[in-house]
Amino acid sequence: MTAIRGVVFDWAGTIIDFGSLAPMGAFVTLFANHGVTISIAQARVPMGLPKLAHIKALGAMPEVAAQWQAAKGQSFTDADAQALLEEFEPMSAQAALERNDFIPGFMDTYAQLKAQGIGVATTTGYTRKIMEPLITLAHAAGFAPAQVVCCDDVAHSRPSPLGMQLCMAALGLGDTPSSVVKVDDTAPGIQEGRNAGCWTVGVAASGNALGWSWDEWQRASEGERDVAVQAASAQLRMAGAHVVISSVATLDQALRTIEARIHNGEHP
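Calculation notes
- Residues numbered from 1 in each chain as written.
- Predicted model: local features only at pLDDT ≥ 70, side-chain atom pairs only at ≥ 80, totals over all residues.
- Heavy atoms only, no water.
- Helix = DSSP H or I, 4+ residues; strand = E, 2+ residues; numbered from the N terminus.
- Rg over C-alpha atoms; globule rule 2.2 N^0.38 Å.
- Buried < 20%, exposed > 50% of the residue type's maximum accessible area, 1.4 Å probe, protein only.
- Contact = heavy atoms within 4.5 Å.
- Areas by Shrake-Rupley, 256 points an atom, 1.4 Å probe, with all protein chains shown as cover.
- Lys, Arg positive; Asp, Glu negative; His and termini not counted.
- Charge placed at Lys NZ, Arg CZ, Asp CG, Glu CD.
- UniProt positions renumbered as here; feature names shortened; annotations may be inferred.
- Polar contact = N/O pair within 3.5 Å; in protein donor to acceptor, adjacent residues only side chain to side chain.
- Domains from an automatic or database assignment.
- Buried area = accessible area lost by both parts, 1.4 Å probe.
- Salt bridge = Lys/Arg side-chain N within 4 Å of Asp/Glu carboxyl O.
- Nonpolar A, V, L, I, M, F, W, Y, C, P; charged D, E, K, R; others polar.

1. Some points on the overall build of the protein
Then, number 1: In terms of helices and strands, the protein carries twelve helices and six strands.
Then, number 2: A compact globule built from 268 residues would reach a C-alpha radius of gyration of about 18 Å, and the protein, at 18 Å, matches this within 12%.
Then, number 3: Out of the 268 residues in the protein, the part that is buried amounts to 53%.
Then, number 4: Residue pairs in contact within the protein that sit at least 24 positions apart in sequence constitute 73% of those at least 6 positions apart.
Then, number 5: For the protein, the exposed surface amounts to about 11100 Å²; the carbon and sulfur share of it is 52%.
Then, number 6: Taking the average location of the 17 positive side-chain charges in the protein and that of its 26 negative ones, the two points are 3 Å from each other.

So, in structure tokens, the structure goes:
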């Protein structure tokens, strides 16, 4: 690579937690604790947003809002969302720790990037409290990005570009966003990259758009995988992904495609 100088990864569903499963169970349990039933599918809809915004989006869903009104005798408020976030953080931190394994092939990809002199940083929709144990484990396993920007580290998180701007500054690439690639499994994460002026790569098989566990992915036939990935890929392309791949294990293919587009005079 000569034009690509930095890659910024998302975490859950992109480099850890195949299927982005950890947040889902925590959201379902969180609302169940207050007499409100939400489905996994509902919990996935706002995925990629900062967790407070995610909770607010869930509370604004008509079916959820009606249940909250019935259970609490009042409408869902911003104060309720803030209280739920404080309850959610330890639950989510525990769930994330239980699903902290790297996506298969990620560490090989990380080693390739380092060997090519490409800087690596990360952003996440997780809060700092949720992320701190994961960062410690990742460092122990050999993953040490130049920057980890959590959703509450910036005044405005995804799809705002502020987190990306911090990452690019840490990589020394703040003046050249077109030399940076954002890799993410959600629409807000892709839009975060686009809003920062970067190239974007969507990961379809490992993330929220598909939502399969690694075991489910392995058990599925090639035909089942193809159909499922097509639908997930379409969501990521609609969000603005320049390239969509199955997982970070094949990121090198996407980077070569983007590199060729750069040399052909294209811009993100």
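From this point, the discussion proceeds with the structure in view.
2. Things to note about the UniProt feature "binding site: Mg(2+)" (unreviewed entry) in the protein
Then, number 1: UniProt records the feature "binding site: Mg(2+)" (unreviewed entry) at Asp-10, Ala-12 and Asp-185, using the numbering of this structure. Sequence-wise these annotated residues cover 176 residues; spatially they are packed, their C-alpha atoms never more than 8.4 Å apart.
Then, number 2: The buried category is assigned to Asp-10, whose relative accessible area is 3%.
Then, number 3: Looking at Asp-10, its side chain comes within polar contact range of the side chain of Thr-14, at 3.0 Å.
Then, number 4: Summarising the element assignment, Asp-185 is placed in the loop between β4 (180-184) and α9 (187-195).
Then, number 5: Of the residues examined, Asp-185 reaches a relative accessible area of 2% and is grouped as buried.
Then, number 6: Excluding residues within four positions of it along the chain, Asp-185 makes contact with Asp-10, Ala-12, Gly-13, Thr-14, Ser-20, Val-203, Gly-207, Asn-208, Ala-209 and Leu-236.

3. As for the domain arrangement of the protein
Then, number 1: Segmentation of the protein into domains returns domain 1 (6-18 + 101-264) and domain 2 (22-98).
Then, number 2: When each unit is reduced to the centre of its C-alpha atoms, the spacing between domain 1 and domain 2 is 25 Å.
Then, number 3: Here domain 1 and domain 2 share an interface that buries about 1400 Å² over both sides, 63% of which is from carbon and sulfur atoms.
Then, number 4: Of all residues in domain 1, Tyr-126, Ile-130 and Asn-208 give up the largest surface area on contact with domain 2, accounting jointly for 36% of the area buried on that side.
Then, number 5: In this assembly, domain 1 and domain 2 are joined by one salt bridge.
Then, number 6: Here Lys-129 ties to Glu-89 by a salt bridge, and the two come within 3.9 Å at their closest N and O atoms.
Then, number 7: Where domain 1 meets domain 2, there are five residue pairs in polar contact (both at pLDDT 80 or more).
Then, number 8: Considering each element in turn, the side of domain 1 that touches domain 2 owes the most residues, five residues, to helix α7 (residues 128-140).
Then, number 9: Classifying every residue of the side of domain 1 that touches domain 2 gives eight nonpolar, six polar and three charged.

4. What about the side chain of Thr-123?
Then, number 1: The topology assignment puts Thr-123 in strand β2 (residues 119-123).
Then, number 2: There is a polar contact of 3.2 Å between the side chain of Thr-123 and the side chain of Arg-158.
Then, number 3: Engagement of the side chain of Thr-123 in a polar contact is seen with the side chain of Lys-182, the distance being 3.3 Å.
Then, number 4: If we skip the residues at most four places from it in the chain, Thr-123 touches Val-8, Phe-9, Asp-10, Trp-11, Val-149, Arg-158, Gly-163, Met-164, Cys-167, Lys-182 and Glu-192.

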